[in-house]
Amino acid sequence: MADPATIISGLLSNLAPLIKDEFSLFWNFKKDVENLSSTLSAINAALEDAEIKDVWKKDSQTEDWLRKLKDVAYKVRDIMDECTFEDLRHQVKRLNASSSTRIQVTNFLTRPFSSTWSIHKIGFKIKDVQEKLDKIHSENNKYQLREPIHGSKIKEDKFSSSWRETMSLSSSPVLYGRGKEKKQIIDILLNNNTSTSTVSVATKQLSVLPIVGIGGLGKTTLAQMVFNDREVSDHFDPKFWVCVSDEFDIKLVIKSILQEKTEASLEELQKNVRDKLREKRYLIVLDDVWNEDIHEWNQLRSILDCGSNDAFVLTTTRKLNVAEIMKTVKPFELQPLTYTYCWQLFKERAFGYGKPKDPNFINIGEQITIRCKGVPLVAKTLGSHLGFCEDEKEWHRIRDSELWDISENGKDLLPILRLSYYDLSYQLRRCFAFCAIFPKDTLIRKEKLIQLWMAHGLILPDTNQEVEDAGNRIWKELCWRSFFQDEKENKDEYNRVYTTCMIHDLMHDLAQSVMKEECYTMKANSSSDGLEREIHRHVTVDKFNEPNFCSLKEIRGSHSIMVVNCGDYDGIVAREILNVLKELLPLRVLEVRWYVQYQDLSYVSRLKHLRYLDISKSKITTLHDSICELFNLQTLKLNSCSMLESLPRNMRNLVNLRHLYLEDCDGLKYMPRGMGQLKHLKTLSLVSDASIARGINIAKWSSITTLELDWGFNADADGHEKIGEALEVSTTRLKTLRMNVYKGVNPPKWVGKSSPSVLFPLLERLTVSFMMNLRELVSPNTIPSTGAFPNLCSLRISYCPKLGALPVPHLKSLKYVSVYDECSDELLYSISHLSALTHLYLYGLNKRSVLFPSSIFADNNEAQLGGVRSTFQSLQSLSIENCENLRRLFDEGMIMEEETHHDHHFQAGQTERTRGLMNSLTELDISDCWELMISVEEFGNLNSLQRLRIMDCPKLVSSEEEAGDFKALLRSLRTRLGSKKLRVDIELEKEGRGRAYQSIVAPS
């Protein structure tokens, strides 16, 4: 985004349709805008040569030329925004006009702005930027800027900084070539290596082992593997993982160990942490340390030095000086990977996407691997990039790039990473570089990031694809190419699923090197000098404190302001920002939560460019009317505004609104009329009876893809059913649906309305919660002959004890099912017959003694399923938690050998189905089932098992005799699976001791 080429590329893409729209304000300046576009195109041709001179040859004149060009490009974008805003304002005026005046307004719009002051104002601005662009264009020859040679796309850069939050769990399924190093470090930690462990023992100091090496070498991954090793886990208790990064804050380190978020004095924290660690054989990993102040380290060490003699601190750092300051054991200097392992890593990425292993490509890949110098991140990144490329010339160009020459010492990797960055499309480059706005320790949410991309116009318009879908594609591609990592799905406290990723520290360095001064993070120890020197277009306020409030006055030119985490100063920071709200005219993104009040938003209508507004968790009772003049607003987040009672009357004016979040706004009583005009709305959460009843028209006419309906706990079942009968929701575009606290017996009638023919044709995720009386998900006689739910892949059922059988014949894509709390036999039976089901999670089924009784497998039940006879034929993962009274998974008769019952058709059929379940499982996870007993015969069918975990099941083995057979079976499984994938605690209850029981076997 920050490099002018990407900005201008976006401008040219967006200008083209505006010039052609005769109803746009731009139509009045058609010729002028065409000239503007032509000049931008001419300048764009010389940009590559300019950027090379700027970032590689460090040409100061070229750097100044690029800065001026970028400033003008942003001014052009602002002019486009103003025109769009005026277009939308008049569009809203026409929509709201009465029938008597509508003709007059329409006639006015066919000759837009022909006699308004706006035309003069916009015309002057276009003339001004044209003059500046002409001057910039004339300087091309002066600075000897040339158009690029065909096929040359890569720019070079050098930059150095640090950023990343890490976690103890590694995202790498395989640790290439580090087995020896892992063993050496474990030996040191366990004091098996006496030659390196004598220093701390002799001096009785806290033992500290630093792992040191250049960025991208895999220090964090190695530390993660050590941290999670079973032998290490058995030796150390407790264990703590702390991501330190470049801000060495003793209080934050201690709070991470204590898992404490509230503010406290250092004296109180050190007392608490010493109480927690005293005489314990603990292991603390301090990852990514940059601090070179020996006094700060000595202070932290003195606090932590209270454990047993075997306690250890393992730390990772890029700096040998840091390692020397911290060490009590000789630093472990991590060396580059050998060529063999580096080639394996490169080959996995480069040839892992279905690309044929042509001898020419293999030969070039081997040469590229040699130049990677054993750095895993470089091999992985370039391999990921070339995995999408079938052009042999491109492989040659990567191999022969001059960038390798400026990184031969192996310490400056950014030029190499730029090889992949500049081969991204302009759009991908803009979106990736934008991620430099996130401060350290940020887990990036996909949904939020895509909405921020949209707010800044980084996703190019496509008539054949929704902008959110295009954003999702960009996210996926950046993950595939290793610019993002650790992509995973998470659950919030309400079991809502969201996707996150992280960015490797070097990749974040790369993004910041592109954004340069455009991003600024205001932190506790940061000076305001940086704000005063440069224009920062993206400001993030993180861990801020009182002495720096004066620097908030310097944020007036920003395009985005996000207050992330200011602790006790959240309210004061929010107040300072809101006090200058009327001066933040260029603002496109504003995130200020917790402390917003009604009067604070009185000037928000002046923010014509604002597209993303998050004021969640505020104490407002209603929104200020001025918010309804934000015609460009796309995302409005009001989550957890518990005192919010109503939305403004003119909410229908937000014609560009795509995402309206009202989650946990339980006090909302009034939804204004006319919101059905919000045709672009994609996400809507409706809470309470009143908001749902008024939201009927919105859901009927808009193109919503994500809908949450929360009826609340106040009304009775009859009231809920009446609202359910009146609801008319278009199901044709829904992809995510959540329904909570519905008290009716019958599902809302709109659920059974198909339009045009298939019911819920695009729905992918469905959650139903606290629907205590609901009997069926959808009535069978309302399902059309063409079917229902063809794309449903995830179903979550919570606290729906009376819910009956699912429409199994129609759920051919359903892979993930979760059931929380009690459920009916019919529901479990139907779940067992889902042909595509791969993952089943059961939690809190406390009244069941048998999970799958033989009665639910009776043949007469098959009529409910349309003749479907398969049982768990695809199930791979089964998780069972907190089923306190569960004694058996199956009736005893169902687990007997089939040949024993060859004369009894019924039992033989059940045995076949049971064996089918156990045979298909690859993962079995059972915990906190205090009465559960599993026979050796049941485990004997686990032929496909790859991972087994059983914890806190004290009655799993009921006798010493059975324990012997069970232990033998577990040893066999451990031999096959390995100790890392097998964790079973088998314990026997002792007479007279309640649940004080003896450990029989715990494989390690």
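Residues numbered from 1 in each chain as written. Predicted model: local features only at pLDDT ≥ 70, side-chain atom pairs only at ≥ 80, totals over all residues. Heavy atoms only, no water.

A look at the overall build of the chain
Alright, step 1. Each helix and strand in the chain was counted, giving 32 helices and 30 strands.
Alright, step 2. Buried positions account for 56% of the 1004 residues belonging to the chain.
Alright, step 3. Residue pairs at least 24 apart in sequence account for 68% of intrachain contacts in the chain once pairs closer than 6 positions are excluded.
Alright, step 4. By element, 47% of the accessible surface of the chain is carried by carbon and sulfur atoms, the whole surface being about 42300 Å². (Helix = DSSP H or I, 4+ residues; strand = E, 2+ residues; numbered from the N terminus. Buried < 20%, exposed > 50% of the residue type's maximum accessible area, 1.4 Å probe, protein only. Contact = heavy atoms within 4.5 Å. Areas by Shrake-Rupley, 256 points an atom, 1.4 Å probe, with all protein chains shown as cover.)

Here's the deal with helix 11 (residues 250-258)
Alright, step 1. Every buried residue of helix 11 is accounted for by I250, V253, I254, K255, I257 and L258.
Alright, step 2. The N-capping residue of helix 11, defined by a side-chain oxygen 3.0 Å from the backbone nitrogen of K251, is D249.
Alright, step 3. Downstream of helix 11 by one or two residues, Q259 has phi in the positive range, about 55°. (Polar contact = N/O pair within 3.5 Å; in protein donor to acceptor, adjacent residues only side chain to side chain.)

Some remarks on the pairing of strand 21 (residues 816-820)
Alright, step 1. Within strand 21, 4 of the 5 residues are buried, which leaves the element mostly enclosed by the surrounding structure.
Alright, step 2. In terms of strand pairing, strand 20 (residues 794-798) meets strand 21 through 5 bridges, oriented parallel. In the strand pairing of strand 21, I797 is matched with V819.
Alright, step 3. With 5 bridges joining them, strand 21 and strand 22 (residues 839-843) adopt parallel strand pairing. Each bridged residue has a counterpart across the sheet, and for Y820 the counterpart in strand 22 is Y843.
Alright, step 4. Once the chain exits strand 21 it traverses helix 29 (residues 825-832) before rejoining the sheet at strand 22, and the crossover so formed is right-handed. (Pairing = 2+ DSSP bridges. Right-handed = clockwise from strand over helix to strand, strands pointing away.)

Thoughts on helix 12 (residues 266-277)
Alright, step 1. With 12 residues, helix 12 extends 16 Å from end C-alpha to end C-alpha; this agrees with the ideal 16 Å at 1.5 Å per step.
Alright, step 2. For helix 12, every residue scored as buried is listed here: L269, Q270, V273 and L277. Burial along helix 12 is one-sided: seen end-on, the buried residues are contained in an arc of 95°.
Alright, step 3. Buried residues belonging to helix 12 abut strand 2 (239-245), helix 11, strand 3 (283-289) and helix 13 (294-304).
Alright, step 4. The first or second residue beyond helix 12 is E279, which carries a positive phi of 60°. (Expected span 1.5 Å × (residues − 1). Arc of directions from axis to C-beta.)

Quick look at the packing of helix 17 (residues 376-386) against helix 18 (residues 392-400)
Alright, step 1. Between helix 17 and helix 18, the shortest axis-to-axis distance is 11 Å and the interhelical angle comes to 160°. Regarding the angle of helix 17 to helix 18, the classification is roughly antiparallel. Considering only the axes of helix 17 and helix 18, their crossing is right-handed. In this structure, helix 17 contributes L382, H385 and L386 to the contact, and helix 18 contributes E394, W395 and I398.
Alright, step 2. Considering only residue class, the contact of helix 17 with helix 18 consists of 4 nonpolar, 1 polar and 1 charged. (Axes fitted to C-alpha atoms, helices over the stretch in contact; angles between N-to-C directions. Parallel < 35°, antiparallel > 145°, perpendicular 65-115°, else oblique. Left-handed = near helix turned anticlockwise from the far one by under 90°. Nonpolar A, V, L, I, M, F, W, Y, C, P; charged D, E, K, R; others polar.)

What about the sheet that holds strand 5 (residues 332-333)?
Alright, step 1. Spatial ordering of the open sheet is given by 2-3-4-1-5, a layout of 5 strands whose pairing is parallel. Strands with a single pairing partner mark the edges of an open sheet, and in this sheet they are strand 2 and strand 5.
Alright, step 2. Of the pairings in the sheet, the one linking strand 1 (residues 207-212) to strand 4 (residues 312-317) comprises 6 bridges and is parallel in character. Across the sheet, residue S207 finds its bridge partner in strand 4, namely F312.

Digging into the environment of G383
Alright, step 1. One can find G383 in helix 17.
Alright, step 2. Accessibility expressed as a relative area gives 0% for G383, which makes it buried.
Alright, step 3. A sequence separation of 35 residues divides G383 from E348, and the C-alpha atoms of the two residues are 7.6 Å apart.
Alright, step 4. With near-sequence residues (within four places) excluded, G383 lies in contact with F346, R349 and A350.

Here we look at the confidence of the model for the chain
Alright, step 1. Taken as a whole, the chain shows an average pLDDT of 75; of its residues, 70% reach a score of 70 or greater.
Alright, step 2. Mean pLDDT across the secondary structure elements of the chain bottoms out at strand 30 (residues 997-1001), with 42, and peaks at helix 21 (residues 446-455), with 95.
Alright, step 3. Segment residues 105-115: pLDDT under 50, and 21 contacts once partners within four positions in sequence are set aside and those in other chains are kept.
Alright, step 4. Segment residues 194-203: pLDDT under 50, and 7 contacts once partners within four positions in sequence are set aside and those in other chains are kept. (pLDDT = per-residue confidence, 0-100.)

Some thoughts on the sheet that holds strand 6 (residues 444-445)
Alright, step 1. Sheet architecture is open: 3 strands sit in the order 6-8-7, paired in antiparallel fashion. The two strands at the open ends of the sheet, each matched to only one other strand, are strand 6 and strand 7 (485-491).
Alright, step 2. By the bridge criterion, 2 bridges tie strand 6 to strand 8 (residues 497-502) in an arrangement that is antiparallel. Paired with I444 across the two strands is C501, which belongs to strand 8.

Looking at the pairing of strand 18 (residues 736-740)
Successive side chains on a regular strand alternate, one facing one side of the sheet and the next facing the other.
Alright, step 1. For strand 18, a buried count of 5 out of 5 residues is recorded, marking the element as mostly surrounded by other parts of the structure.
Alright, step 2. Alternating residues of strand 18 divide into T736, R738 and N740 and L737 and M739, and every residue in both groups is buried.
Alright, step 3. One ladder, built from 5 bridges, connects strand 17 (residues 706-710) with strand 18; its direction is parallel. Residue pairing for strand 18: E708 is matched across the bridge by R738.

Considerations on the packing of aromatic side chains
Alright, step 1. Taken as a whole and assessed by the stated rule, the structure comprises 14 aromatic pairs.
Alright, step 2. With a centroid separation of 5.0 Å and an interplanar angle of 75°, the aromatic rings of F361 and W395 are classed as edge-to-face. Taken together, the residues F361 in helix 16 (residues 359-371) and W395 in helix 18 connect sequence positions 34 residues apart. In terms of burial, F361 and W395 fall into one category: buried.
Alright, step 3. Chaining the aromatic ring pairs together yields one cluster made of W343, F346, F351, F361 and W395.
Alright, step 4. Seen from the ring of Y661, K637 lies directly overhead, with NZ or CZ sitting 5.3 Å from the centre. (Phe/Tyr/Trp six-rings, centres within 6.5 Å; stacked < 30°, edge-to-face > 60°. Lys NZ or Arg CZ within 6 Å of the ring centre and 35° of its normal.)

What to know about the environment of E477
Alright, step 1. Tracing the sequence through the fold places E477 in helix 22 (residues 467-480).
Alright, step 2. Judged by relative accessible area, which is 18%, E477 ranks as buried.
Alright, step 3. Taking the C-alpha atoms as reference points, E477 and L428, 49 residues apart in sequence, are found 8.4 Å from one another.

Considerations on the environment of C641
Alright, step 1. Take C641: it is sitting in the loop between strand 14 (635-637) and strand 15 (659-661).
Alright, step 2. Each C-alpha atom, one on C641 and one on I620, is 7.0 Å from the other, the two residues being 21 residues apart in sequence.
Alright, step 3. Beyond its immediate stretch of four places on either side in the chain, C641 contacts I615, S616, K617, S618, D664 and C665.

What about the packing of helix 15 (residues 339-350) against helix 17?
Alright, step 1. For the pair helix 15 and helix 17, the least separation of the axes is 7 Å and the interaxial angle reads 25°. Compared by their axis directions, helix 15 and helix 17 come out roughly parallel. Classified by chirality, the crossing of helix 17 by helix 15 is right-handed. Counting all contacts with helix 15, which are made through C342, L345, F346, R349 and A350, the residues of helix 17 involved are P376, A379, K380, L382, G383, S384 and L386.
Alright, step 2. Across the contact of helix 15 with helix 17, the residue classes tally to 8 nonpolar, 2 polar and 2 charged.

Things to note about the pattern of salt bridges
Alright, step 1. For the coordinates displayed, the defined rule picks out 30 salt bridges.
Alright, step 2. Between D275 and R278 there is a salt bridge whose closest N-O contact spans 2.9 Å.
Alright, step 3. Exposure remark for R278: the relative accessible area of 39% places this residue in the partly exposed category. (Salt bridge = Lys/Arg side-chain N within 4 Å of Asp/Glu carboxyl O.)

Digging into unusual backbone geometry
Alright, step 1. With an omega of 10°, the peptide bond running from D237 to P238 counts as cis.
Alright, step 2. With respect to the helices and strands, P238 occurs in the loop between helix 10 (230-235) and strand 2.
Alright, step 3. You will see that D486, though not glycine, has its phi angle at about 60°, which is positive.
Alright, step 4. Assignment of secondary structure puts D486 in strand 7.

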